[in-house]
Amino acid sequence: MKLLLIGSGGREHAMAWKLAQNHKVEKIFVAPGNGGTALENKCENINISDINELVNFAKSEKINLTVVGPEDPLIKGVVDAFKKEGLKVFGPEQRAAMLEGSKSYSKVFMEKYGVRTAKYEEFYDHIKAIEYLKDCEYPLVIKADGLAAGKGVNICFSKKEAEDTIYSFMVDDVFNGAGKKIIIEEFLEGVEASIISITDSKVIIPFISAKDHKQILDGGKGPNTGGMGVIAPNPFVSDEVLVDFNENILKPTLKGIKEEGYDYKGIIFFGVMMTKKGAYLLEYNVRLGDPETQSLLSLMESDFLELIEASLDEQLDSYNIKWHEGACCNVVLASKGYPGNFEKGYEITIDDKVKNNVFIAGGQIKDGKLVTAGGRVLSVVGLGKTIEEAKAAAYKNIDNVSFKDMYFRKDIGDC
Ligand code: AMP
Ligand code: GLY
């Protein structure tokens, strides 16, 4: 089989690594890929991002299956474009991708089908939004409706902060249109979990739960990042939480997918807040998480391509996903200075013995060498029977990776 994988992050390197393990796979084109996929078994990067060009490439290269990594192309309708040409593709159709593409759309869906979520109001007019703040309790959460590169959510601790956020999102238009409409939401206190799942529109099957570590500094301090590490399973996701999640989030979501008639053969990622009052849905993502994927695919014993094919064939109800026993810790190695300014272009060395434990995110090939090219440079994973063992393995593996100005958190998995 010839595959096309769309995306360029650490998530896509992990997806390519896992897909390449299927013996039916001869070749994986990664569009545009990164320095990790450039060096990965069976993989070749191609520098295409335009949807029509991707469709033409898939036709001319006789690609058997296209797998979409990030949300952007999904929200732009890449799946619909491929299907229109009779091409096989894994991911939700555009209508369903709006569950991530618009916070307002997803909140309406949640309310319509009884998915437990924070109370909210939506606003198109900044004057009305500011007026509404008068009677609010703080903190409260303000969210830009559209995609804002992970920066469109602000937790406001005072009325002044909320007003400033409204001005910046709606009037100054810092997200180029994505914040013209906002939602103001009740603040939920608790611990977060990423419950990433696969669906074929008939069933939703959750993977192992994961816990992202978003802040740059140990102890969960400092500014937010794209994610500095992951522990899976998430130690806070007890059986009781899973029962609650299943009843109040998963089941009503599936009902919604069916009743809306979505053609959804892809990943559905539930961003959950576990509170004293139970599990609440913060958001849907319509793709795998980054850096959760690097942990989850390392723990997955089942063949990833077979799992995707089971979804495309609507056979997920009879597919039993197998997992390696134990846990996986993923530590992100970043460039010093991230999420602020940082230098790029430093050579990355990776000892062969940890090759299967390293996934490149911000790295590219320059003059034949793998060099740093982003804030979050790569993930190093470690597996173990317990979280403690997985953590020890991950930190030991880091000794086999080096680049100048390397920074990483020392407490991933400490919770
Ligand atoms: P979202 O993109 O909606 O997941 O929001 C990004 C992050 O903001 C989440 O991962 C949470 O850490 C935080 N967040 C979002 N909504 C809420 C809420 N209602 N209460 C508390 N924190 C929130
Ligand atoms: N790690 C969170 C996300 O992928 O959205």
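Please read all numbers here as calculations on a predicted model, not as lab measurements.

Here is what the cut-offs are and how they apply
Residues numbered from 1 in each chain as written. Chains lettered and ligands numbered in written order. Predicted model: local features only at pLDDT ≥ 70, side-chain atom pairs only at ≥ 80, totals over all residues. Heavy atoms only, no water. Helix = DSSP H or I, 4+ residues; strand = E, 2+ residues; numbered from the N terminus. Polar contact = N/O pair within 3.5 Å; in protein donor to acceptor, adjacent residues only side chain to side chain. Buried < 20%, exposed > 50% of the residue type's maximum accessible area, 1.4 Å probe, protein only. Contact = heavy atoms within 4.5 Å. Near = heavy atom within 4 Å. Areas by Shrake-Rupley, 256 points an atom, 1.4 Å probe, with all protein chains shown as cover. Nonpolar A, V, L, I, M, F, W, Y, C, P; charged D, E, K, R; others polar.

### Remarks on the side chain of His213
Structurally, His213 can be placed in the loop between β12 (211-212) and β13 (215-217). Within the local environment of His213, its side chain forms a polar contact with the backbone nitrogen of Gly413, the two atoms lying 3.3 Å apart.

### A word on the environment of Val191
Structurally, the position occupied by Val191 is in strand β10 (residues 191-199). You can call Val191 partly exposed: its relative accessible area is 25%. For the pair Val191 and Phe236, spaced 45 residues apart in the sequence, the C-alpha separation amounts to 7.6 Å. Those residues in contact with Val191, other than ones at most four positions away along the chain, are Lys211, Phe236, Val272, Met273 and Met274.

### Thoughts on the site of ligand 1
In the vicinity of ligand 1, 14 residues are found, and the nearest of them are Lys143, Glu185, Leu188, Glu192 and Glu283. Measuring from a nitrogen atom of ligand 1, one finds a side-chain N or O atom of Glu185 at 2.7 Å. At a separation of 2.8 Å, a nitrogen atom of ligand 1 approaches a polar backbone atom of Leu188. The protein chains hide 86% of the 470 Å² of surface that ligand 1 would expose on its own. Contributing elements (two or more residues each) for the shell around ligand 1: β7 (140-144), β8 (153-156), β9 (182-186) and β17 (278-285). Here the residues of the shell around ligand 1 are counted per class, giving seven nonpolar, no polar and seven charged.

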